[in-house]
Amino acid sequence: MENTALIVTVSVSAILALLVLIVRFRFQPFLALILVSVGTGLALGMPPQELLDFIVKSMGGTLGFVALIIGLGAMFGEMLRVSGGSERLALNLVERCSDKTVPWALGLAGFLVSIAVFIDVAIIILVPLIYGIAQRTKRSLLYYGIPLCAGLSVTHTFIPPTPGPIATASILGADLGWVIIWGVIAGLPAMAVAGPIFGKFISSRIFVPVPEHMNQGQSTFDDTSKLPSFRSVVLTLLLPLLLILSNTSAELLLAEGNLLRDILMFVGNPIIALLLTCLLTFWVFGYKRGYSKDELQKIATKALEPAGIIILITGAGGVFGKVLVASGIGEILASAMQSLSIPLVLFAFMTSAVMRISQGSGTVAMITGASLTAPVAELMGVSDQMTALLVIAIACGGTAFSHVNDSGFWMANRYFGMSVSDTLKSWTVMKTLVGLTGLTICLIISQFIN
């Protein structure tokens, strides 16, 4: 009993300390996670030298897979961005749709673009493209902007190879093929509800004109005919997802020793899938379009700058999670959940959502949620499908409830030229609808798997 009380006290104190360091003292999340991990280990009585060895081993174990995926994904996305692939996708979808279906096209454009391009970069690229549409139709900017941002938000947090789901899946040990499947199944309804449907509702109540200080929807390319082809962009975005899914399908459907199974599992391994996609992207959108070798090297190097920060935070989050697992908190949480009859999917969502509301960063919220959920899931012996579903439930919590402590909130506030009040009524509600709709789908799916 005393040991249980100590574990609970130390674990709760660790989470509170993490929040205080990030929120109150503005510590960089990587530094805060490492400090809290060291403090937690010492408080639990781990010998100092053993603790340090444990931290180094945990950091390396977490990053062995994640660093490769995030690094390759970042280069792939940066080449697509620089070449104008993201703009081509959005422009073509909008041009082929009527005014009534444009919001749905923008939601789909956001959904596809965010597979490769970080959400903050995607907002900078794509939101100005809808200024001209809003001016032409005289509609509120929210009518087009909310669907676009909903699509971006869904894929950024639900579907690999973006950092959030990659980090969460790594901590939980989830199969990325199943994460993609559940991410798409939960993500498309979430995009529809929070995007076109909510966008139509809120735009009829809040009129947001195009900000006068913003670039009036001009492409960064003077001649849009020089942009990559629509087909090449779509195929490139879907390639890594299809390859990863081929890995999962081959493992399920083909017998061991089958040559086709071995080939599909090799090329469908997330590392190989991203490596092949990255090389193809630099060839098709870079070298074939006239970029020099030096320019391609600069693009690849620049892509790794933000990726490095995310990789370190992910590694530190993995350390924190493994320290919590070593503490035995998993057994205590599992027992508490059973006595309170809390579904594991709901628990995963709640832990992530509490961190999201408290400190703002979706990535930190997802990593912390995964760290608390992983030991419980391991003790309960859940299936691969359920483990992947937990990744999406955690992602839902890390997406919802964006408010003034989230950098995304202020980016939307600036690019839409809204007041804080209107940003809360539009952006915050949109993000919350993404999370709650995704959670609802996860709860439904959880009734059919274990």
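Residues numbered from 1 in each chain as written. Predicted model: local features only at pLDDT ≥ 70, side-chain atom pairs only at ≥ 80, totals over all residues. Heavy atoms only, no water.

- In the annotation of an unreviewed UniProt entry, the entry for the protein chain reads Gluconate transporter, and the organism field reads Phytopseudomonas flavescens.

Structural notes on the overall build of the protein chain
Reasoning step 1: When helices and strands are tallied, the protein chain shows 20 helices and zero strands.
Reasoning step 2: Here the protein chain has a C-alpha radius of gyration of 22 Å; the compact-globule value for 450 residues is 22 Å, and the two agree.
Reasoning step 3: Projected onto its principal axes, the C-alpha positions of the protein chain cover 70 × 55 × 45 Å.
Reasoning step 4: In the protein chain, which comprises 450 residues, the proportion classed as buried is 57%.
Reasoning step 5: Put simply, 82% of the contacts in the protein chain that link residues at least 6 apart link residues at least 24 apart.
Reasoning step 6: Carbon and sulfur atoms make up 64% of the accessible area of the protein chain, which totals about 18,900 Å². (Helix = DSSP H or I, 4+ residues; strand = E, 2+ residues; numbered from the N terminus. Rg over C-alpha atoms; globule rule 2.2 N^0.38 Å. Buried < 20%, exposed > 50% of the residue type's maximum accessible area, 1.4 Å probe, protein only. Contact = heavy atoms within 4.5 Å. Areas by Shrake-Rupley, 256 points an atom, 1.4 Å probe, with all protein chains shown as cover.)

Comments concerning the environment of Ser358
Reasoning step 1: By the secondary structure assignment, Ser358 is in helix α16 (residues 344-359).
Reasoning step 2: Between the C-alpha atoms of Ser358 and Phe158, which are 200 residues apart in sequence, the distance is 21 Å.
Reasoning step 3: Residue contacts for Ser358: discarding those within four places in its chain leaves Leu19, Val23 and Asn405.

Some words on a nonpolar patch on the surface
Reasoning step 1: Residues Val404, Trp410, Val420 and Leu424 make up a contiguous nonpolar surface patch of roughly 310 Å² in combined accessible area.
Reasoning step 2: Within the secondary structure, Val420 is located in helix α20 (residues 420-446). (Patch = residues over 30% accessible without salt bridge, like charges linked within 9 Å, V, L, I, M, F, W, Y side chains within 5 Å. Salt bridge = Lys/Arg side-chain N within 4 Å of Asp/Glu carboxyl O.)

Comments concerning helix α2 (residues 29-43)
Reasoning step 1: Helix length check: α2, at 15 residues, gives a terminal C-alpha distance of 21 Å against a target of 21 Å (1.5 Å per residue), a fit within 8%.
Reasoning step 2: Listed as buried for α2 are Pro29, Ala32, Leu33, Val36, Ser37, Thr40 and Gly41. On an axial view of α2, the arc spanned by its buried residues comes to 155 degrees, and they lie on one face.
Reasoning step 3: Where α2 starts, the residue carrying a side-chain oxygen 2.7 Å from the main-chain nitrogen of Phe30 turns out to be Gln28.
Reasoning step 4: Where α2 terminates, the next one or two residues include Gly45, which has phi positive at roughly 90 degrees. (Expected span 1.5 Å × (residues − 1). Arc of directions from axis to C-beta. Polar contact = N/O pair within 3.5 Å; in protein donor to acceptor, adjacent residues only side chain to side chain.)

Focus on empty space enclosed by the protein
Reasoning step 1: Within the structure shown, the criterion is met by one cavity of 30 Å³ or more.
Reasoning step 2: Sort the elements by how many residues they give to the lining of the largest cavity and helix α3 (residues 48-82) lands first, with three residues.
Reasoning step 3: Considering only residue class, the lining of the largest cavity consists of seven nonpolar, two polar and no charged. (1 Å grid on protein atoms, 1.4 Å probe; cavity = no way out; pocket = protein on both sides within 12 Å on 5 of 7 lines; lining within 4 Å. Points joined across faces, edges and corners; volume = space filled by probe spheres on them. Nonpolar A, V, L, I, M, F, W, Y, C, P; charged D, E, K, R; others polar.)

Observations regarding the packing of aromatic side chains
Reasoning step 1: Scanning all chains against the criterion turns up six aromatic pairs.
Reasoning step 2: Over the aromatic face of Phe25 sits the side chain of Arg24, whose NZ or CZ is 5.5 Å from the ring centroid. (Phe/Tyr/Trp six-rings, centres within 6.5 Å; stacked < 30°, edge-to-face > 60°. Lys NZ or Arg CZ within 6 Å of the ring centre and 35° of its normal.)

Examining the layout of surface pockets
Reasoning step 1: Quantified by volume, the largest pocket comes out at close to 1,200 Å³.
Reasoning step 2: For the lining of the largest pocket, the leading source of residues is helix α14 (residues 293-327), giving seven residues.
Reasoning step 3: Among the residues making up the lining of the largest pocket, the classes are represented as 21 nonpolar, 16 polar and nine charged.
Reasoning step 4: The calculated volume of the second largest pocket comes to roughly 340 Å³.

Let's talk about α16
Reasoning step 1: The end-to-end C-alpha separation of α16 is 23 Å, in line with the 22 Å expected for 16 residues at 1.5 Å each.
Reasoning step 2: Those residues of α16 lying buried are Leu344, Val345, Phe347, Ala348, Phe349, Thr351, Ser352, Ala353, Met355, Arg356 and Gln359.

Digging into a negative patch on the surface
Reasoning step 1: Among the surface-exposed residues, Glu251, Glu256, Asp262 and Asp384 lie close enough to one another that they form a single negatively charged patch.
Reasoning step 2: Turning to its location among the elements, Glu251 is positioned in helix α11 (residues 230-253). (Lys, Arg positive; Asp, Glu negative; His and termini not counted. Charge placed at Lys NZ, Arg CZ, Asp CG, Glu CD.)

Remarks on unusual backbone geometry
Reasoning step 1: Each neighbour pair has its own omega, and for Pro160 with Pro161 the value is 15 degrees, a cis peptide bond.
Reasoning step 2: Within the secondary structure, Pro161 sits in the loop between α8 (142-158) and α9 (163-172).
Reasoning step 3: Phi is positive for Lys138, which is not a glycine, with a value near 65 degrees.
Reasoning step 4: Following the sequence through the fold, Lys138 ends up in the loop between α7 (131-137) and α8.
Reasoning step 5: Relative accessible area serves as the criterion here: at 67%, Lys138 is assigned to the exposed category.

Notes on the side chain of Ser114
Reasoning step 1: Among the secondary structure elements, Ser114 is positioned in the loop between α5 (102-113) and α6 (119-126).
Reasoning step 2: Reaching out from Ser114, the side chain makes a polar contact with the backbone oxygen of Leu152 at a distance of 3.1 Å.
Reasoning step 3: With residues near it in sequence (within four places) discarded, Ser114 still touches Ile119, Leu152, Thr155, His156 and Thr162.

Regarding the side chain of His156
Reasoning step 1: Note on placement: His156 falls in helix α8.
Reasoning step 2: Once residues lying within four places of it in the same chain are set aside, the contact partners of His156 are Ser114, Phe118, Ile119, Thr162 and Pro165.

Looking at the nonpolar core
Reasoning step 1: Counting 150 residues, the largest nonpolar core has Leu89, Phe158, Leu237 and Met430 as its most contacted members.
Reasoning step 2: In contact with Leu237, other than residues within four places in its own chain, are Phe76, Leu80, Leu89, Leu112, Val113, Ile115 and Ala116. (Core = buried A, V, L, I, M, F, W, Y, C linked by side-chain atoms within 4.5 Å.)

Looking at the pattern of salt bridges
Reasoning step 1: By the definition in use, this model includes two salt bridges.
Reasoning step 2: Measuring nitrogen to oxygen at the nearest pair gives 3.2 Å for the salt bridge that ties Arg356 to Asp406. Here Arg356 is found in helix α16, whereas its partner Asp406 is found in the loop between α18 (384-399) and α19 (407-416), with 50 residues between them in sequence. An identical accessibility class is assigned to Arg356 and Asp406; each is buried.

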